[in-house]
Amino acid sequence: MMLWFLQFVLYVLGSVILYQKWRHRHFSKIPGPPSWPLVGHTLQSLGSPEHRWKYIQQLNTQYYPIFKISNGFTPYVNLLDPHDIEILLSSRNHIRKSTIYVFLQSWLGTGLLTSDGDKWHRRRKMLTPAFYFNIIQQFFKCFVEHSEQLVERLQEECAKPYTNIPPLISQIGQLIMNRIERPWLFLNCIYQFTAMNKEQNLLINTLHKFSKSVIENRKQCFVASDLRVDSNDGQFGSKKRLAMLDLLLTLKNSGVQISDEGIREEVDTFMFEGHDTTSAGISFALILIANHPNVQEKLVEEIQSVMNGSDRSFLFSDIQQMHYLELVVKECLRLYPSVPSITRKTDYDIVTSTGYLIPKDTIVIIHIYALHHNPKFYPNPEKFDPDRFLPENTKGRHPFSYIPFSAGPRNCIGQKFAMVEMKTAIASIIRNFVLKPIDNTANLTLISRMILNASGCMRIQFRKR
Ligand code: HEM
(Lines give C-alpha, C1' and ligand atoms only; values in the text may rest on other atoms or scores of the structure.)
Protein backbone atom coordinates (compact mmCIF):
# COMPACT_ATOMS: atom_id res chain seq x y z
CA MET A 1 0.00 0.00 0.00
CA MET A 2 2.84 2.32 1.00
CA LEU A 3 4.55 1.64 -2.32
CA TRP A 4 1.44 2.58 -4.29
CA PHE A 5 1.07 5.72 -2.29
CA LEU A 6 4.68 6.65 -3.00
CA GLN A 7 4.16 5.87 -6.71
CA PHE A 8 1.11 8.08 -6.70
CA VAL A 9 2.91 11.00 -5.03
CA LEU A 10 5.81 10.69 -7.48
CA TYR A 11 3.39 10.55 -10.39
CA VAL A 12 1.62 13.72 -9.23
CA LEU A 13 4.87 15.58 -8.60
CA GLY A 14 6.36 14.45 -11.92
CA SER A 15 3.25 15.49 -13.83
CA VAL A 16 3.16 18.91 -12.21
CA ILE A 17 6.87 19.54 -12.90
CA LEU A 18 6.60 18.36 -16.50
CA TYR A 19 3.45 20.37 -17.01
CA GLN A 20 5.02 23.56 -15.61
CA LYS A 21 8.06 23.08 -17.86
CA TRP A 22 5.85 22.46 -20.87
CA ARG A 23 3.66 25.43 -20.07
CA HIS A 24 6.57 27.73 -19.61
CA ARG A 25 8.11 26.64 -22.90
CA HIS A 26 4.91 26.93 -24.97
CA PHE A 27 2.28 29.08 -23.37
CA SER A 28 4.66 31.86 -22.55
CA LYS A 29 4.54 32.49 -26.30
CA ILE A 30 0.81 33.09 -26.18
CA PRO A 31 -0.39 36.59 -25.48
CA GLY A 32 -3.78 36.93 -23.84
CA PRO A 33 -5.53 36.15 -20.59
CA PRO A 34 -3.80 34.35 -17.75
CA SER A 35 -4.36 30.67 -17.24
CA TRP A 36 -7.86 29.85 -16.00
CA PRO A 37 -7.89 27.23 -13.29
CA LEU A 38 -11.16 25.74 -14.44
CA VAL A 39 -10.54 22.51 -12.59
CA GLY A 40 -12.97 19.85 -13.72
CA HIS A 41 -14.97 22.57 -15.40
CA THR A 42 -15.68 20.62 -18.51
CA LEU A 43 -19.00 19.43 -19.74
CA GLN A 44 -19.72 16.86 -17.09
CA SER A 45 -20.71 19.89 -15.04
CA LEU A 46 -23.33 21.33 -17.40
CA GLY A 47 -25.93 21.10 -14.64
CA SER A 48 -28.91 23.37 -14.11
CA PRO A 49 -30.04 26.01 -16.66
CA GLU A 50 -28.44 28.84 -14.59
CA HIS A 51 -25.18 26.98 -14.23
CA ARG A 52 -25.15 26.16 -17.93
CA TRP A 53 -25.79 29.71 -18.93
CA LYS A 54 -22.94 30.98 -16.74
CA TYR A 55 -20.68 28.38 -18.26
CA ILE A 56 -21.66 29.25 -21.83
CA GLN A 57 -21.19 32.94 -21.13
CA GLN A 58 -17.75 32.26 -19.74
CA LEU A 59 -16.86 30.36 -22.85
CA ASN A 60 -18.57 32.41 -25.50
CA THR A 61 -19.26 35.96 -24.46
CA GLN A 62 -16.23 36.85 -22.37
CA TYR A 63 -14.52 36.13 -25.58
CA TYR A 64 -10.93 35.00 -25.72
CA PRO A 65 -9.82 33.05 -28.73
CA ILE A 66 -8.57 30.22 -26.58
CA PHE A 67 -8.77 29.42 -22.91
CA LYS A 68 -5.97 27.63 -21.25
CA ILE A 69 -7.17 25.05 -18.80
CA SER A 70 -5.16 22.80 -16.64
CA ASN A 71 -6.42 20.03 -14.45
CA GLY A 72 -2.99 19.85 -12.92
CA PHE A 73 -1.82 17.00 -15.14
CA THR A 74 -2.45 17.65 -18.80
CA PRO A 75 -2.34 20.91 -20.72
CA TYR A 76 -5.58 21.68 -22.51
CA VAL A 77 -6.91 24.50 -24.60
CA ASN A 78 -10.51 25.20 -25.51
CA LEU A 79 -11.14 26.13 -29.09
CA LEU A 80 -14.16 28.35 -29.49
CA ASP A 81 -14.06 30.00 -32.86
CA PRO A 82 -15.58 28.10 -35.85
CA HIS A 83 -12.73 29.31 -38.08
CA ASP A 84 -10.18 27.75 -35.73
CA ILE A 85 -12.29 24.62 -35.30
CA GLU A 86 -12.32 24.31 -39.08
CA ILE A 87 -8.51 24.60 -39.23
CA LEU A 88 -8.19 21.77 -36.72
CA LEU A 89 -10.94 19.39 -37.82
CA SER A 90 -10.69 19.64 -41.58
CA SER A 91 -7.00 18.79 -41.61
CA ARG A 92 -6.01 15.22 -42.44
CA ASN A 93 -3.71 15.46 -39.41
CA HIS A 94 -4.58 15.98 -35.72
CA ILE A 95 -6.70 12.81 -35.57
CA ARG A 96 -5.36 11.79 -32.15
CA LYS A 97 -7.71 12.34 -29.22
CA SER A 98 -7.30 13.15 -25.56
CA THR A 99 -5.83 10.47 -23.31
CA ILE A 100 -9.19 9.97 -21.56
CA TYR A 101 -10.18 7.71 -24.47
CA VAL A 102 -7.75 5.19 -22.96
CA PHE A 103 -10.43 4.52 -20.34
CA LEU A 104 -12.79 3.28 -23.03
CA GLN A 105 -10.25 0.79 -24.31
CA SER A 106 -10.94 -1.99 -21.79
CA TRP A 107 -14.40 -2.12 -23.40
CA LEU A 108 -13.95 -0.95 -27.00
CA GLY A 109 -10.33 -1.98 -27.52
CA THR A 110 -8.82 0.25 -30.18
CA GLY A 111 -11.79 0.32 -32.53
CA LEU A 112 -12.66 3.16 -34.87
CA LEU A 113 -13.56 5.61 -32.10
CA THR A 114 -10.53 5.04 -29.90
CA SER A 115 -7.72 4.18 -32.36
CA ASP A 116 -5.41 6.55 -34.20
CA GLY A 117 -2.53 6.46 -36.66
CA ASP A 118 -2.40 3.76 -39.35
CA LYS A 119 -4.89 1.53 -37.57
CA TRP A 120 -7.55 4.26 -37.63
CA HIS A 121 -6.87 5.06 -41.31
CA ARG A 122 -7.14 1.37 -42.30
CA ARG A 123 -10.32 0.76 -40.28
CA ARG A 124 -11.99 3.96 -41.50
CA LYS A 125 -11.31 2.99 -45.12
CA MET A 126 -12.57 -0.54 -44.45
CA LEU A 127 -15.80 0.56 -42.76
CA THR A 128 -16.79 3.57 -44.86
CA PRO A 129 -18.61 1.49 -47.56
CA ALA A 130 -20.93 0.08 -44.86
CA PHE A 131 -22.39 3.58 -44.41
CA TYR A 132 -23.05 4.47 -48.04
CA PHE A 133 -26.54 5.67 -48.70
CA ASN A 134 -27.77 2.49 -50.41
CA ILE A 135 -26.81 0.42 -47.35
CA ILE A 136 -28.81 2.76 -45.15
CA GLN A 137 -31.70 2.32 -47.57
CA GLN A 138 -31.44 -1.45 -47.04
CA PHE A 139 -31.71 -0.88 -43.29
CA PHE A 140 -34.81 1.23 -43.69
CA LYS A 141 -37.21 -1.72 -43.38
CA CYS A 142 -35.56 -2.50 -40.07
CA PHE A 143 -35.98 1.11 -38.84
CA VAL A 144 -39.70 1.00 -39.76
CA GLU A 145 -40.27 -2.39 -38.11
CA HIS A 146 -38.63 -1.26 -34.88
CA SER A 147 -40.39 2.11 -34.90
CA GLU A 148 -43.72 0.29 -35.27
CA GLN A 149 -42.82 -1.99 -32.37
CA LEU A 150 -42.02 1.13 -30.34
CA VAL A 151 -45.41 2.62 -31.22
CA GLU A 152 -47.04 -0.66 -30.16
CA ARG A 153 -45.17 -0.52 -26.85
CA LEU A 154 -46.10 3.14 -26.32
CA GLN A 155 -49.84 2.35 -26.62
CA GLU A 156 -49.61 1.10 -23.01
CA GLU A 157 -48.33 4.51 -21.93
CA CYS A 158 -51.56 6.25 -23.04
CA ALA A 159 -53.37 5.03 -19.94
CA LYS A 160 -50.73 6.52 -17.64
CA PRO A 161 -50.71 10.11 -16.37
CA TYR A 162 -47.19 10.55 -17.75
CA THR A 163 -44.14 8.70 -19.01
CA ASN A 164 -40.60 9.42 -17.96
CA ILE A 165 -38.48 9.15 -21.08
CA PRO A 166 -34.93 9.38 -19.76
CA PRO A 167 -32.57 8.10 -22.38
CA LEU A 168 -30.95 4.82 -21.46
CA ILE A 169 -27.80 6.05 -19.82
CA SER A 170 -25.04 3.67 -20.49
CA GLN A 171 -23.89 2.48 -17.08
CA ILE A 172 -20.44 1.95 -18.41
CA GLY A 173 -20.27 5.52 -19.72
CA GLN A 174 -21.23 6.65 -16.24
CA LEU A 175 -18.44 4.62 -14.64
CA ILE A 176 -15.90 6.00 -17.08
CA MET A 177 -16.99 9.58 -16.39
CA ASN A 178 -16.79 8.89 -12.63
CA ARG A 179 -13.19 7.86 -13.15
CA ILE A 180 -12.38 10.88 -15.32
CA GLU A 181 -13.69 13.17 -12.58
CA ARG A 182 -11.25 11.61 -10.08
CA PRO A 183 -7.68 12.09 -11.34
CA TRP A 184 -6.24 9.86 -8.59
CA LEU A 185 -8.07 6.95 -10.23
CA PHE A 186 -6.20 7.50 -13.50
CA LEU A 187 -3.52 5.22 -12.12
CA ASN A 188 -4.33 1.58 -12.81
CA CYS A 189 -2.41 0.51 -9.70
CA ILE A 190 -5.04 2.35 -7.61
CA TYR A 191 -8.09 1.88 -9.81
CA GLN A 192 -7.76 -1.90 -10.00
CA PHE A 193 -8.62 -2.19 -6.28
CA THR A 194 -11.76 -0.07 -6.39
CA ALA A 195 -15.38 -1.22 -6.39
CA MET A 196 -15.84 0.82 -9.58
CA ASN A 197 -13.29 -1.34 -11.37
CA LYS A 198 -15.05 -4.49 -10.19
CA GLU A 199 -18.38 -3.19 -11.47
CA GLN A 200 -16.80 -2.07 -14.74
CA ASN A 201 -15.24 -5.51 -15.33
CA LEU A 202 -18.60 -7.19 -14.75
CA LEU A 203 -20.33 -4.86 -17.21
CA ILE A 204 -17.59 -5.23 -19.80
CA ASN A 205 -17.76 -9.03 -19.52
CA THR A 206 -21.51 -8.94 -20.14
CA LEU A 207 -21.12 -6.56 -23.08
CA HIS A 208 -18.29 -8.59 -24.62
CA LYS A 209 -20.29 -11.80 -24.21
CA PHE A 210 -23.18 -10.16 -26.04
CA SER A 211 -21.10 -8.80 -28.92
CA LYS A 212 -19.29 -12.14 -29.29
CA SER A 213 -22.62 -13.97 -29.50
CA VAL A 214 -23.85 -11.51 -32.17
CA ILE A 215 -20.70 -12.17 -34.21
CA GLU A 216 -20.92 -15.96 -33.72
CA ASN A 217 -24.58 -16.03 -34.79
CA ARG A 218 -23.81 -14.00 -37.86
CA LYS A 219 -20.85 -16.21 -38.72
CA GLN A 220 -23.11 -19.28 -38.58
CA CYS A 221 -25.62 -17.94 -41.07
CA PHE A 222 -23.09 -16.01 -43.09
CA VAL A 223 -22.67 -17.65 -46.45
CA ALA A 224 -19.37 -16.59 -47.93
CA SER A 225 -20.50 -14.31 -50.68
CA ASP A 226 -19.05 -14.25 -54.14
CA LEU A 227 -17.51 -10.86 -53.49
CA ARG A 228 -14.00 -10.41 -54.64
CA VAL A 229 -12.03 -8.42 -52.10
CA ASP A 230 -8.66 -7.11 -53.04
CA SER A 231 -6.58 -8.18 -50.09
CA ASN A 232 -4.07 -5.37 -50.61
CA ASP A 233 -6.31 -2.49 -49.84
CA GLY A 234 -9.60 -3.97 -48.77
CA GLN A 235 -11.43 -2.42 -51.72
CA PHE A 236 -14.28 -4.30 -53.29
CA GLY A 237 -14.06 -5.61 -56.81
CA SER A 238 -17.83 -5.99 -56.90
CA LYS A 239 -20.43 -3.25 -56.81
CA LYS A 240 -22.43 -5.08 -54.10
CA ARG A 241 -22.36 -3.34 -50.74
CA LEU A 242 -22.50 -5.10 -47.39
CA ALA A 243 -23.71 -4.11 -43.95
CA MET A 244 -20.98 -3.54 -41.39
CA LEU A 245 -20.61 -6.98 -39.79
CA ASP A 246 -20.96 -8.85 -43.10
CA LEU A 247 -18.39 -6.51 -44.60
CA LEU A 248 -15.91 -7.23 -41.80
CA LEU A 249 -16.50 -11.00 -42.00
CA THR A 250 -16.03 -10.93 -45.78
CA LEU A 251 -12.81 -8.97 -45.40
CA LYS A 252 -11.53 -11.40 -42.80
CA ASN A 253 -12.39 -14.40 -45.00
CA SER A 254 -10.51 -12.76 -47.85
CA GLY A 255 -7.37 -12.44 -45.79
CA VAL A 256 -7.57 -8.66 -45.29
CA GLN A 257 -5.97 -7.79 -41.98
CA ILE A 258 -8.67 -7.93 -39.35
CA SER A 259 -8.78 -10.49 -36.56
CA ASP A 260 -11.77 -11.80 -34.59
CA GLU A 261 -10.73 -9.41 -31.83
CA GLY A 262 -10.71 -6.52 -34.35
CA ILE A 263 -14.25 -7.40 -35.43
CA ARG A 264 -15.34 -7.52 -31.79
CA GLU A 265 -13.81 -4.08 -31.18
CA GLU A 266 -15.81 -2.60 -34.04
CA VAL A 267 -19.08 -4.29 -33.06
CA ASP A 268 -18.69 -2.88 -29.53
CA THR A 269 -17.71 0.55 -30.88
CA PHE A 270 -20.76 0.76 -33.12
CA MET A 271 -23.08 -0.53 -30.40
CA PHE A 272 -21.84 2.27 -28.14
CA GLU A 273 -21.67 5.10 -30.69
CA GLY A 274 -24.79 4.04 -32.52
CA HIS A 275 -27.07 3.42 -29.56
CA ASP A 276 -26.85 5.97 -26.77
CA THR A 277 -26.37 8.87 -29.20
CA THR A 278 -29.58 8.32 -31.13
CA SER A 279 -31.61 7.32 -28.06
CA ALA A 280 -30.59 10.57 -26.31
CA GLY A 281 -31.34 12.52 -29.52
CA ILE A 282 -34.83 11.00 -29.87
CA SER A 283 -35.66 11.57 -26.19
CA PHE A 284 -34.67 15.26 -26.31
CA ALA A 285 -36.60 15.65 -29.58
CA LEU A 286 -39.77 14.20 -28.01
CA ILE A 287 -39.71 16.49 -24.99
CA LEU A 288 -38.99 19.53 -27.19
CA ILE A 289 -41.85 18.66 -29.56
CA ALA A 290 -44.19 18.09 -26.60
CA ASN A 291 -43.27 21.56 -25.30
CA HIS A 292 -43.89 23.23 -28.69
CA PRO A 293 -47.43 22.41 -29.91
CA ASN A 294 -47.05 24.66 -32.98
CA VAL A 295 -44.02 22.61 -34.13
CA GLN A 296 -45.94 19.38 -33.38
CA GLU A 297 -48.86 20.60 -35.49
CA LYS A 298 -46.60 21.42 -38.44
CA LEU A 299 -45.01 17.97 -38.20
CA VAL A 300 -48.43 16.29 -38.24
CA GLU A 301 -49.44 18.34 -41.31
CA GLU A 302 -46.22 17.39 -43.08
CA ILE A 303 -46.67 13.67 -42.33
CA GLN A 304 -50.30 13.78 -43.53
CA SER A 305 -49.36 15.62 -46.70
CA VAL A 306 -46.46 13.25 -47.54
CA MET A 307 -48.59 10.16 -46.80
CA ASN A 308 -51.56 11.60 -48.68
CA GLY A 309 -54.01 10.33 -46.06
CA SER A 310 -52.75 6.74 -46.28
CA ASP A 311 -51.96 4.73 -43.14
CA ARG A 312 -49.45 2.42 -44.84
CA SER A 313 -45.96 2.00 -43.37
CA PHE A 314 -43.39 4.65 -44.22
CA LEU A 315 -41.18 4.20 -47.25
CA PHE A 316 -37.65 5.56 -47.44
CA SER A 317 -38.83 8.17 -49.96
CA ASP A 318 -41.51 9.38 -47.51
CA ILE A 319 -38.94 10.10 -44.83
CA GLN A 320 -36.72 11.83 -47.40
CA GLN A 321 -39.60 14.16 -48.26
CA MET A 322 -40.13 15.23 -44.63
CA HIS A 323 -38.11 18.42 -44.81
CA TYR A 324 -39.62 20.15 -41.79
CA LEU A 325 -38.88 17.06 -39.67
CA GLU A 326 -35.26 17.34 -40.81
CA LEU A 327 -35.16 20.96 -39.56
CA VAL A 328 -36.65 19.85 -36.23
CA VAL A 329 -34.05 17.10 -35.74
CA LYS A 330 -31.23 19.51 -36.64
CA GLU A 331 -32.48 22.08 -34.13
CA CYS A 332 -32.81 19.36 -31.44
CA LEU A 333 -29.19 18.34 -32.01
CA ARG A 334 -28.16 22.00 -31.84
CA LEU A 335 -29.83 22.48 -28.45
CA TYR A 336 -28.90 19.06 -27.10
CA PRO A 337 -25.95 17.61 -29.05
CA SER A 338 -25.70 13.93 -28.05
CA VAL A 339 -21.90 14.25 -28.03
CA PRO A 340 -21.42 17.56 -26.18
CA SER A 341 -17.65 17.84 -26.58
CA ILE A 342 -14.83 16.25 -28.53
CA THR A 343 -11.07 16.44 -28.28
CA ARG A 344 -8.08 16.39 -30.57
CA LYS A 345 -4.33 16.31 -29.95
CA THR A 346 -2.36 18.57 -32.26
CA ASP A 347 0.26 16.94 -34.51
CA TYR A 348 2.08 20.22 -35.10
CA ASP A 349 1.88 23.88 -34.04
CA ILE A 350 -1.30 25.59 -35.22
CA VAL A 351 -1.73 29.33 -35.50
CA THR A 352 -5.39 30.24 -35.04
CA SER A 353 -7.15 32.71 -37.31
CA THR A 354 -6.73 35.29 -34.56
CA GLY A 355 -2.98 34.76 -34.42
CA TYR A 356 -2.65 32.58 -31.30
CA LEU A 357 -0.31 29.65 -31.23
CA ILE A 358 -1.44 26.19 -30.18
CA PRO A 359 1.72 24.15 -29.76
CA LYS A 360 2.22 20.59 -30.99
CA ASP A 361 0.84 17.87 -28.66
CA THR A 362 -1.73 20.12 -27.01
CA ILE A 363 -5.10 18.59 -26.20
CA VAL A 364 -7.76 20.77 -27.75
CA ILE A 365 -11.32 20.58 -26.44
CA ILE A 366 -14.11 21.54 -28.79
CA HIS A 367 -17.24 22.25 -26.76
CA ILE A 368 -19.97 21.47 -29.25
CA TYR A 369 -22.63 22.35 -26.66
CA ALA A 370 -21.17 25.81 -26.00
CA LEU A 371 -20.57 26.43 -29.71
CA HIS A 372 -24.21 25.59 -30.49
CA HIS A 373 -25.36 28.07 -27.83
CA ASN A 374 -23.20 30.97 -28.89
CA PRO A 375 -25.58 33.94 -29.32
CA LYS A 376 -23.30 35.29 -32.04
CA PHE A 377 -24.41 32.46 -34.34
CA TYR A 378 -27.75 31.59 -32.73
CA PRO A 379 -29.54 34.66 -31.36
CA ASN A 380 -31.68 33.78 -28.36
CA PRO A 381 -29.84 30.44 -28.25
CA GLU A 382 -32.14 28.64 -25.77
CA LYS A 383 -35.14 29.15 -28.06
CA PHE A 384 -36.25 26.06 -29.96
CA ASP A 385 -36.64 27.32 -33.51
CA PRO A 386 -36.31 24.77 -36.34
CA ASP A 387 -36.51 27.61 -38.90
CA ARG A 388 -32.93 28.50 -38.01
CA PHE A 389 -31.99 25.73 -40.42
CA LEU A 390 -34.02 26.98 -43.40
CA PRO A 391 -31.59 27.58 -46.29
CA GLU A 392 -32.23 31.34 -46.21
CA ASN A 393 -31.39 31.45 -42.48
CA THR A 394 -28.20 29.40 -42.67
CA LYS A 395 -26.74 31.68 -45.35
CA GLY A 396 -23.68 33.41 -43.95
CA ARG A 397 -23.50 31.23 -40.83
CA HIS A 398 -20.12 29.57 -40.53
CA PRO A 399 -20.50 25.83 -41.38
CA PHE A 400 -18.35 24.91 -38.38
CA SER A 401 -20.72 26.70 -36.00
CA TYR A 402 -22.95 23.58 -36.23
CA ILE A 403 -21.10 20.29 -35.73
CA PRO A 404 -23.27 17.74 -33.86
CA PHE A 405 -21.53 14.99 -35.84
CA SER A 406 -18.08 16.63 -35.64
CA ALA A 407 -16.60 17.40 -39.06
CA GLY A 408 -13.68 16.64 -41.34
CA PRO A 409 -12.03 13.26 -41.96
CA ARG A 410 -12.74 12.01 -38.43
CA ASN A 411 -16.40 12.98 -38.35
CA CYS A 412 -19.23 10.65 -37.34
CA ILE A 413 -19.26 7.75 -39.79
CA GLY A 414 -22.89 6.99 -38.87
CA GLN A 415 -24.43 10.44 -39.31
CA LYS A 416 -26.70 9.65 -42.28
CA PHE A 417 -27.74 6.41 -40.57
CA ALA A 418 -28.52 8.38 -37.40
CA MET A 419 -30.58 11.03 -39.21
CA VAL A 420 -32.75 8.44 -41.01
CA GLU A 421 -33.16 6.39 -37.80
CA MET A 422 -34.15 9.43 -35.73
CA LYS A 423 -36.52 10.82 -38.37
CA THR A 424 -38.26 7.44 -38.78
CA ALA A 425 -38.74 6.94 -35.04
CA ILE A 426 -39.98 10.50 -34.42
CA ALA A 427 -42.34 10.50 -37.43
CA SER A 428 -43.81 7.14 -36.31
CA ILE A 429 -44.46 8.48 -32.80
CA ILE A 430 -45.93 11.83 -33.91
CA ARG A 431 -48.16 10.06 -36.43
CA ASN A 432 -49.71 7.95 -33.67
CA PHE A 433 -49.62 10.06 -30.51
CA VAL A 434 -50.29 13.56 -29.28
CA LEU A 435 -47.39 14.53 -27.03
CA LYS A 436 -48.17 16.76 -24.06
CA PRO A 437 -45.53 18.24 -21.78
CA ILE A 438 -45.27 17.56 -18.05
CA ASP A 439 -41.70 18.83 -17.57
CA ASN A 440 -40.55 22.03 -19.20
CA THR A 441 -37.36 21.83 -21.26
CA ALA A 442 -36.30 25.18 -19.82
CA ASN A 443 -35.84 23.51 -16.41
CA LEU A 444 -33.90 20.45 -17.49
CA THR A 445 -30.71 19.68 -15.62
CA LEU A 446 -28.17 18.28 -18.02
CA ILE A 447 -25.43 15.84 -17.37
CA SER A 448 -22.76 14.52 -19.66
CA ARG A 449 -21.85 10.86 -19.24
CA MET A 450 -19.86 10.79 -22.49
CA ILE A 451 -23.31 11.30 -24.05
CA LEU A 452 -25.52 14.26 -23.09
CA ASN A 453 -28.48 13.37 -20.90
CA ALA A 454 -30.96 14.94 -18.52
CA SER A 455 -30.14 14.01 -14.95
CA GLY A 456 -33.69 14.16 -13.59
CA CYS A 457 -37.17 13.67 -14.98
CA MET A 458 -38.12 14.13 -18.62
CA ARG A 459 -41.83 13.49 -18.42
CA ILE A 460 -44.35 13.74 -21.20
CA GLN A 461 -47.89 12.43 -21.76
CA PHE A 462 -48.64 10.13 -24.67
CA ARG A 463 -52.23 10.28 -25.91
CA LYS A 464 -53.61 8.36 -28.90
CA ARG A 465 -53.96 10.68 -31.91
C1 HEM B 1 -27.52 11.53 -32.98
C2 HEM B 1 -26.66 10.59 -33.28
C3 HEM B 1 -25.17 10.74 -33.33
C4 HEM B 1 -24.37 11.79 -32.98
C5 HEM B 1 -24.80 13.16 -32.47
C6 HEM B 1 -23.01 11.39 -33.21
C7 HEM B 1 -21.91 12.20 -33.03
C8 HEM B 1 -20.61 11.80 -33.22
C9 HEM B 1 -19.45 12.64 -32.99
C10 HEM B 1 -19.49 14.09 -32.51
C11 HEM B 1 -18.35 11.90 -33.28
C12 HEM B 1 -16.89 12.34 -33.14
C13 HEM B 1 -16.36 11.80 -31.84
C14 HEM B 1 -14.95 12.23 -31.54
O15 HEM B 1 -14.32 12.92 -32.33
O16 HEM B 1 -14.47 11.85 -30.47
C17 HEM B 1 -18.80 10.60 -33.69
C18 HEM B 1 -17.95 9.57 -34.06
C19 HEM B 1 -18.40 8.32 -34.41
N20 HEM B 1 -19.71 7.92 -34.57
FE21 HEM B 1 -21.35 9.03 -34.24
N22 HEM B 1 -23.01 10.10 -33.66
C23 HEM B 1 -24.30 9.67 -33.77
C24 HEM B 1 -24.73 8.44 -34.22
C25 HEM B 1 -23.91 7.43 -34.66
C26 HEM B 1 -24.37 6.17 -35.22
C27 HEM B 1 -25.84 5.81 -35.43
C28 HEM B 1 -23.26 5.43 -35.46
C29 HEM B 1 -23.15 4.06 -36.04
C30 HEM B 1 -24.11 3.37 -36.58
C31 HEM B 1 -22.09 6.22 -35.09
C32 HEM B 1 -20.80 5.80 -35.17
C33 HEM B 1 -19.70 6.59 -34.90
C34 HEM B 1 -18.33 6.11 -34.96
C35 HEM B 1 -17.88 4.70 -35.26
C36 HEM B 1 -17.51 7.20 -34.67
C37 HEM B 1 -15.99 7.24 -34.66
C38 HEM B 1 -15.57 7.70 -36.04
C39 HEM B 1 -14.06 7.84 -36.19
O40 HEM B 1 -13.38 8.17 -35.22
O41 HEM B 1 -13.60 7.65 -37.32
N42 HEM B 1 -22.54 7.43 -34.62
N43 HEM B 1 -20.17 10.55 -33.64
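Per an unreviewed UniProt entry, the protein chain goes by the name Cytochrome P450 and belongs to Pyrocoelia pectoralis. The Cofactor (unreviewed entry) field of the UniProt record for the protein chain holds the comment "heme". Regarding the protein chain, the relevant UniProt record gives this comment under Function (unreviewed entry): "May be involved in the metabolism of insect hormones and in the breakdown of synthetic insecticides."

## Concerning the pairing of strand β7 (residues 363–367)
In terms of burial, β7 is a largely internal element, 4 of the 5 residues being buried. Sheet topology note: the strand β4 (residues 341–345)/β7 ladder contains 5 bridges and is antiparallel. The residue bridging Ile342 from the neighbouring strand is Ile366, located in β7.

## Some details on the pairing of strand β11 (residues 459–464)
As judged from the 2 bridges shared by strand β3 (residues 163–164) and β11, these two strands associate in the antiparallel manner. From the neighbouring strand, Asn164 faces β11, where its bridge partner is Arg459. Here 5 bridges tie strand β8 (residues 433–437) to β11, and the two strands are oriented antiparallel to one another. Residue pairing in the sheet places Phe433 in a bridge with Lys464 of β11.

## Here's the deal with helix α11 (residues 260–291)
Every α-helix winds through 3.6 residues per turn, so residues three or four apart in the chain are directed the same way. With 32 residues, α11 extends 47 Å between its outermost C-alpha atoms, agreeing within 8% with the 46 Å of an ideal straight helix rising 1.5 Å per residue. Most of α11 sits inside the fold, with 25 of its 32 residues counted as buried.

## Considerations on the site of the ligand
Close contacts around the ligand come from 25 residues, with Glu273, Gly274, Thr277, Cys412 and Gly414 the closest. Elements with a contribution of two residues or more to the shell around the ligand: α11 and α17 (415–432). The element best represented in the shell around the ligand is α11, accounting for 7 residues.

## Concerning α17
Taking 1.5 Å per residue as the helical rise, α17 with its 18 residues ought to reach 26 Å, and the 26 Å between its terminal C-alpha atoms agrees with that figure. A large share of α17 lies buried, amounting to 13 of its 18 residues.

## Topic: the nonpolar core
One broad trend across soluble globular proteins is that nonpolar side chains are buried collectively. By size, the foremost hydrophobic cluster in this structure holds 91 residues, and its most contacted members are Ala285, Leu286, Ile289, Val329, Cys332 and Ile426. Those residues within four positions of Ala285 in sequence are excluded, and the remaining contacts are Val328, Val329, Cys332, Met422 and Ile426.

What counts, and where the lines are drawn
- Residues numbered from 1 in each chain as written.
- Predicted model: local features only at pLDDT ≥ 70, side-chain atom pairs only at ≥ 80, totals over all residues.
- UniProt positions renumbered as here; feature names shortened; annotations may be inferred.
- Buried ≥ 20, exposed ≤ 12 C-beta atoms within 10 Å, placed from the backbone.
- Helix = DSSP H or I, 4+ residues; strand = E, 2+ residues; numbered from the N terminus.
- Pairing = 2+ DSSP bridges.
- Expected span 1.5 Å × (residues − 1).
- Near = placed C-beta within 6 Å.
- Core = buried A, V, L, I, M, F, W, Y, C linked by C-beta atoms within 7 Å.
- Contact = placed C-beta atoms within 7 Å.

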